[in-house]
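Here is how the chains run, residue by residue.
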Amino acid sequence: MVRFGIGVTPRVAVIGDVHGQLAALRYELVRLGADPHTGDLPDDLTVVQVGDIVHRGPHSGGVVMLIDRYLREQPGRWIQLVGNHEAFYLGDRSFVWTDRVDGDTATTVQRWWAEGSMHVAAALPTTVGDYLVTHAGLTAGFWRAALDMPTSAANAATALNRLGAGGARKVFRPGAMLGRRRSGSAGPVWADAADELVPSWFQAQMPFSQVHGHCTVTDWDTGLPRGSDEVKANTITNPIARHEVTTLRGGRIIGIDPCHGAAAAPLWAAWEAALVGPVIT
Ligand SMILES: [Mn+2]
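Residues numbered from 1 in each chain as written. Predicted model: local features only at pLDDT ≥ 70, side-chain atom pairs only at ≥ 80, totals over all residues. Heavy atoms only, no water.

Caption draft 1: Main features of the coordination of the manganese ion. For the manganese ion, the full set of protein donor atoms is Asp52 (OD), Asn84 (OD1), His135 (NE2) and His214 (ND1), at a range of 2.1 to 2.2 Å. Read in sequence order, the donor residues coordinating the manganese ion give the pattern D-x31-N-x50-H-x78-H. Note that histidine 135 is positioned in the loop between strand E6 (129-134) and helix H5 (140-145) and histidine 214 in the loop between strand E7 (209-212) and strand E8 (218-219), a separation of 79 residues in sequence. (Donors = N, O, S within 2.8 Å, 3.2 Å for Na, K, Ca; no water. Helix = DSSP H or I, 4+ residues; strand = E, 2+ residues; numbered from the N terminus.)

Caption draft 2: Summary view of the nonpolar core. In terms of nonpolar packing, the biggest core is built from 73 residues, with Ile15, Leu29, Trp78, Leu132 and Trp201 touching the most fellow members. With residues up to four places along the chain from it excluded, the contact list for isoleucine 15 reads Leu25, Leu29, Leu32, Val47, Val48, Gln49, Val50, Ile256, Trp268 and Ala270. (Core = buried A, V, L, I, M, F, W, Y, C linked by side-chain atoms within 4.5 Å. Buried < 20%, exposed > 50% of the residue type's maximum accessible area, 1.4 Å probe, protein only. Contact = heavy atoms within 4.5 Å.)

Caption draft 3: Looking closely at the pattern of salt bridges. Scanning the model with the defined rule gives 10 salt bridges in all. With its nearest N and O atoms 2.8 Å apart, the salt bridge here joins arginine 31 to glutamate 28. Taken together, the positions of arginine 31 and glutamate 28, both in helix H1 (residues 22-31) and 3 residues apart, correspond to about one turn of that helix. For arginine 31, a relative accessible area of 45% puts it in the partly exposed group. For arginine 69, the salt bridge is made with aspartate 40, and the minimal N-O distance between the two is 3.3 Å. Here the residue arginine 69 occupies a position in helix H2 (residues 60-73), and aspartate 40 occupies one in the loop between H1 and strand E2 (45-49), the gap between them amounting to 29 residues. According to the relative accessible area criterion, arginine 69 is partly exposed, its value standing at 21%. Classification of aspartate 40 as partly exposed rests on a relative accessible area of 34%. Through salt bridges that share partners, Asp68, Arg72, Arg111 and Glu115 make up one connected network. (Salt bridge = Lys/Arg side-chain N within 4 Å of Asp/Glu carboxyl O.)

Caption draft 4: Spotlight on the UniProt feature "domain: Calcineurin-like phosphoesterase" (unreviewed entry) in the chain. Feature annotation in UniProt places "domain: Calcineurin-like phosphoesterase" (unreviewed entry) on residues 11-138, given in this structure's numbering. Taken end to end, residues 11-138 is 32% helix and 22% strand, and its two terminal C-alpha atoms sit 23 Å from one another. (UniProt positions renumbered as here; feature names shortened; annotations may be inferred.)

Caption draft 5: Layout of the sheet that holds strand E11 (residues 243-248). The 6 strands are arranged E5-E6-E7-E12-E11-E10 in an open sheet whose pairing can be described as mixed. Of all the strands in the sheet, the pair left with one neighbour each is strand E5 (121-126) and strand E10 (235-238). Taking the axes of each pair of neighbouring strands and ignoring which way they run, one obtains an average angle of 20° across the sheet. Here helix H7 (residues 193-200) sits on the sheet in contact with E7, E11 and strand E12 (251-255), set at roughly 165° to E7. (Pairing = 2+ DSSP bridges. Axes fitted to C-alpha atoms, helices over the stretch in contact; angles between N-to-C directions.)

Caption draft 6: Highlighting the pairing of E10. Summarising the sheet, E10 and E11 pair through 4 bridges and their orientation is antiparallel. Looking at E11, one finds that isoleucine 236 is bridged to valine 245. Hairpin connection between E10 and E11: a loop of 4 residues separates the two successive antiparallel strands, and arginine 242 in this loop has a positive phi of roughly 55°.

Caption draft 7: Expanded view of the side chain of threonine 105. With respect to the helices and strands, threonine 105 occurs in helix H4 (residues 103-115). Judged by relative accessible area, threonine 105 falls into the buried class, the value being 6%. Every residue in contact with threonine 105, bar those within four places of it in the chain, is listed here: Ser60, Gly61 and Val64.

Caption draft 8: View of the side chain of histidine 85. With respect to the helices, strands and loops of the structure, histidine 85 is situated in helix H3 (residues 84-87). On the basis of relative accessibility, which here comes to 2%, the residue histidine 85 falls in the buried class. Excluding residues that lie within four positions of it along the chain, histidine 85 makes contacts with His19, Asp52, Val54, His55, Arg56, Phe95 and Trp97.

Caption draft 9: Inspection of the packing of aromatic side chains at higher detail. Tallied over the full model, the rule gives 8 aromatic pairs. When the centroid spacing of 4.9 Å and the interplanar angle of 55° are considered together, the rings of tyrosine 131 and tryptophan 271 count as tilted. Of this pair, tyrosine 131 sits in strand E6 while tryptophan 271 sits in strand E13 (residues 271-274); the two residues are 140 residues apart in sequence, bridging distant segments of the chain. Note on accessibility: tyrosine 131 and tryptophan 271 belong to one class, buried. The rings of Phe88, Tyr89, Phe95, Trp97 and Trp190 are connected pair by pair, giving a single aromatic cluster. Of note, arginine 69 hangs over the ring of tyrosine 70, and the distance from its end group to the ring centre comes to 5.5 Å. (Phe/Tyr/Trp six-rings, centres within 6.5 Å; stacked < 30°, edge-to-face > 60°. Lys NZ or Arg CZ within 6 Å of the ring centre and 35° of its normal.)

In C-alpha cells, the structure reads:
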C-alpha cells in the first residue's frame, strides 16, 4: 500500500484505453517511474486504468499478462476498471467485434471480474478535488436513476462497484454508440462523451468531477471537437497528452482516451494528480 505521511506525496496516474499497445504502455509506465528492467511500480504511485485494454492493437495478451502481474505482485497499486472490450468476455456480447483474444487471456479477464479485482469505478481524492473514474463516464441520468444521486465521488464509486459485483446488467447499459437513441442515462461502460455524457450534465449541477476513457469529444485525427456548440464551447484540449477538459456547473469532465488504433497514438500521456488519501473502490 502507498503510505501517507510527512515527506511522501503519493501520486495517481490514470491511464486511458490501452487497446493492446503493450510497448506504448510500458514506455509510459517507465516515464511515470516504473523500473525499466523489472517494470515494478515506484512506491509513491497508484495506477488506475480505465479499461479497454484489449483489441485493436497487436499485444492484447501481453497487456493482460503485465496487468495480472501488477494485481498479484503489487496489490493495491494497480486499480483495473472494466471497459466494454473486457465486458465482451463477460457475457456482454452486445456489439460485433472481429478480433478475439486467446483463451488464456479471456480466462484471466473473467477471473479478475469473478474475484473482484476488476472494478466499475474508482474515486480519487486529489489536491485538485475529488474525481470519479469510470470507463465511459457517469451520465446524469444514470447517477439519478440507478445510483440515487450520491453527492461524493467515493459514494458513487462504491455504489457502482456494488452494482457490478451484484451482476446488475444496467452497468453495461448501452447508448448511442450501439445505434440506440441518444440517452442521458447511458451506462458508465458505454456512454458517448460528446453526445451523451457531457450533455447529460447541462441541466444538473455536477456533484463531483470525473475522468473517463472510451471516447473523447475531440477527434484526435483532425483535432476538431464533435457535439453541439455548447459541448464545444466548454471543452479545451491538450493534443500533446490527448486530454480534454469540459468545464460544467459544479465540476469538470476530463476525457483521456488516446484513441489508439492498430498503431499506437503518436503522443499521449496518463492523467496525473497528487493524492490526499487512498484511491477508493
Ligand atoms: Mn470503450
